[in-house]
Amino acid sequence: IAGITQAPTSQILAAGRRMTLRCTQDMRHNAMYWYRQDLGLGLRLIHYSNTAGTTGKGEVPDGYSVSRANTDDFPLTLASAVPSQTSVYFCASSEDQGAAGELFFGEGSRLTVL
Amino acid sequence: LAKTTQPISMDSYEGQEVNITCSHNNIATNDYITWYQQFPSQGPRFIIQGYKTKVTNEVASLFIPADRKSSTLSLPRVSLSDTAVYYCLVGDWGLDTDKLIFGTGTRLQVFP
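What comes next is a walk through the structure. Note that the structure is a prediction, hence the values are computed from the model and not measured. All residue numbers refer to position in the chain's written sequence, counted from 1. Lettering of chains starts at A and numbering of ligands starts at 1, both following the order in which they are written. Where local features are concerned, this predicted model is filtered to residues with pLDDT of at least 70; where side-chain atom pairs are given and counted, the filter is 80 or more; whole-chain, interface and lining totals use all residues. Side-chain figures throughout are based on the complete set of non-hydrogen atoms in the structure, without hydrogens or water.

1. Things to note about the side chain of Q85 of chain A
Residue and element names in this part refer to chain A.
Logical step 1: Secondary structure elements are defined from DSSP: runs of H or I of at least 4 residues count as helices, runs of E of at least 2 residues count as strands, and each element is numbered from the N terminus. Within the fold, Q85 resides in the loop between strand 8 (76-78) and strand 9 (87-94).
Logical step 2: On the basis of relative accessibility, which here comes to 4%, the residue Q85 falls in the buried class.
Logical step 3: Aside from chain neighbours lying at most four places away, what touches Q85 is R36, D62, G63, Y64, L78, S80, L111 and V113. Buried means the residue's accessible area, taken with a 1.4 Å probe over protein chains only, is under 20% of the maximum for its type, while exposed means over 50%, and partly exposed covers the values in between. Between two residues, a contact is recorded if the distance between any of their heavy atoms is within 4.5 Å.

2. Remarks on the sheet that holds strand 7 (residues 65-66) of chain A
Residue and element names in this part refer to chain A.
Logical step 1: If you walk across this open sheet you meet the 4 strands as 1-3-8-7, and the pairing is antiparallel. In this open sheet, the two edge strands, each paired with only one partner strand, are strand 1 (4-7) and strand 7.
Logical step 2: At least two DSSP bridges between two strands are required for those strands to pair. Examined bridge by bridge, strand 1 and strand 3 (residues 19-25) share 4 bridges and lie antiparallel to one another. Looking at the pairing, T5 lines up with T24 of strand 3.

3. Brief notes about the state of the cysteines
Logical step 1: Disulfides are defined as pairs of cysteine sulfur atoms found within 2.5 Å of each other. In this structure the tally under the stated criterion is 2 disulfides over all chains.
Logical step 2: Linked covalently through their sulfurs, C23 of chain A and C91 of chain A form a disulfide whose S-S length is 1.9 Å. Here the disulfide of C23 of chain A and C91 of chain A is left-handed, its torsion about the S-S bond being about -75 degrees. Taken as a pair, C23 of chain A in strand 3 and C91 of chain A in strand 9 lie far apart in primary sequence, 68 residues in all. Each member of the pair, C23 of chain A together with C91 of chain A, is buried.
Logical step 3: Shown here is the disulfide that connects C22 of chain B with C88 of chain B, its sulfur atoms set 2.2 Å apart. The S-S bond linking C22 of chain B to C88 of chain B shows a torsion near -80 degrees; that makes this disulfide left-handed. Within this pair, whereas C22 of chain B is found in strand 2 (residues 18-23), its partner C88 of chain B is found in strand 8 (residues 84-92), the two being separated by 66 residues in sequence. Per residue, the accessibility class of C22 of chain B equals that of C88 of chain B, and both read buried.

4. Considerations on the sheet that holds strand 4 (residues 45-50) of chain B
Note: strands within a sheet are paired through backbone hydrogen bonds, in either parallel or antiparallel orientation.
Residues and elements named next belong to chain B.
Logical step 1: One open sheet accounts for 5 strands, arranged 1-9-8-3-4; its pairing is mixed. Either end of the sheet is taken by a strand with one partner, and the two such strands are strand 1 (9-13) and strand 4. Adjacent strand axes in the sheet meet at a mean angle of 25 degrees when their direction is disregarded.
Logical step 2: The pairing of strand 3 (residues 31-38) with strand 4 spans 5 bridges and is antiparallel. By the bridge assignment for strand 4, Y36 is matched with F46. Simply put, an axis is a line fit to the C-alpha atoms, just over the touching stretch for a helix, and the angle between two N-to-C directions goes from 0 to 180 degrees.

5. Observations concerning the layout of surface pockets
Logical step 1: In this structure, the largest pocket encloses a volume near 650 Å³.
Logical step 2: Only protein atoms enter the 1 Å grid, on which a cavity is a set of points fitting a 1.4 Å probe that cannot get out and a pocket is an open set with protein on both sides within 12 Å along at least 5 of 7 lines, lining residues being those with an atom within 4 Å of a point. Lining the largest pocket we find 29 residues, and of these Q37 and L39 of chain A together with Q38, Y87 and R107 of chain B sit closest to its centre.
Logical step 3: At 4 residues, strand 9 (residues 106-111) of chain B tops the list of elements feeding residues into the lining of the largest pocket.
Logical step 4: Amino acids outside the nonpolar list (Ala, Val, Leu, Ile, Met, Phe, Trp, Tyr, Cys, Pro) and the charged list (Asp, Glu, Lys, Arg) are all regarded as polar, and Gly is one of them. Here the residues of the lining of the largest pocket sort into 11 nonpolar, 14 polar and 4 charged. Grid points are joined across faces, edges and corners, and a volume is the space filled by probe spheres set on the points.

6. Some words on the packing of aromatic side chains
Logical step 1: Here the aromatic set is Phe, Tyr and Trp, taking the six-membered ring for Trp, and pairing holds for ring centres within 6.5 Å; pairs whose planes are under 30 degrees apart are stacked, those over 60 apart are edge-to-face, and all others are tilted. By the definition in use, this model includes 7 aromatic pairs over all chains.
Logical step 2: Pairing F105 of chain A with Y36 of chain B gives two aromatic rings, centres 6.1 Å apart and planes at 80 degrees, and the pair type is edge-to-face. Linking F105 of chain A in strand 10 (residues 104-105) with Y36 of chain B in strand 3, this pair reaches from one chain into another.
Logical step 3: With centroids separated by 6.0 Å and ring planes inclined at 45 degrees, the aromatic side chains of Y13 of chain B and F111 of chain B adopt a geometry described as tilted. Of this pair, Y13 of chain B sits in strand 1 while F111 of chain B sits in strand 9, and the two are 98 residues apart along the sequence.
Logical step 4: Among the residues examined, F111 of chain B registers a relative accessible area of 33% and is labelled partly exposed.
Logical step 5: Cluster of aromatic residues (ring-pair linked, three or more members): Y33, Y35 and F105 of chain A together with Y36 and F46 of chain B.
Logical step 6: For a Lys NZ or an Arg CZ to count as sitting over a ring, it must be within 6 Å of the ring centre and within 35 degrees of the ring normal. If you follow R68 of chain B out to its NZ or CZ, it ends over the ring of Y51 of chain B, 4.0 Å from the centre.

Spelled out as structure tokens, the structure:
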């Protein structure tokens, strides 16, 4: 059972470049999420999607965009990367929206912007 | 949305019971309380969830007092492998998803 698959695992990127982090789930979950994790700041929600075709902004959405063309995929795009976007990015999913029930997380994508 | 407060870190020894308390004074009627565990270089993993009173599973127990303004995750007889960061998450079901916000977590260090 794959669950949540993220790619790439790690990436070094020059500032100003465009980058897309990929996230795929095979659980047919309706809701998907992108978090970033920085030392001392815990996990912060970037964007979310309650169902295919809809997206919403989380706590720290600036500089990021997402799309949800189908149930399984939820890519996160940095249009023009900046050093402050250096972080570990986690994709997650849940059967439905809301906080009841379980969030399933991927293994993370470590992004370094130079 | 209910903001959560947890201790930054805790230390324990193998075989001891560990209790981690999370404060959520502004918890709403529809909010559930969920705890996650995260090991280095891994994504968080669900441990337990509750609404009120006590919930127990094979891994932990969750104690929630009647006023629900706090909750306590109890890990019985910890081992070295329980060294991790533990997050308390409070949020509602079926309403807005945009506030599934984790706090900074509690870093538990278990010593031999």
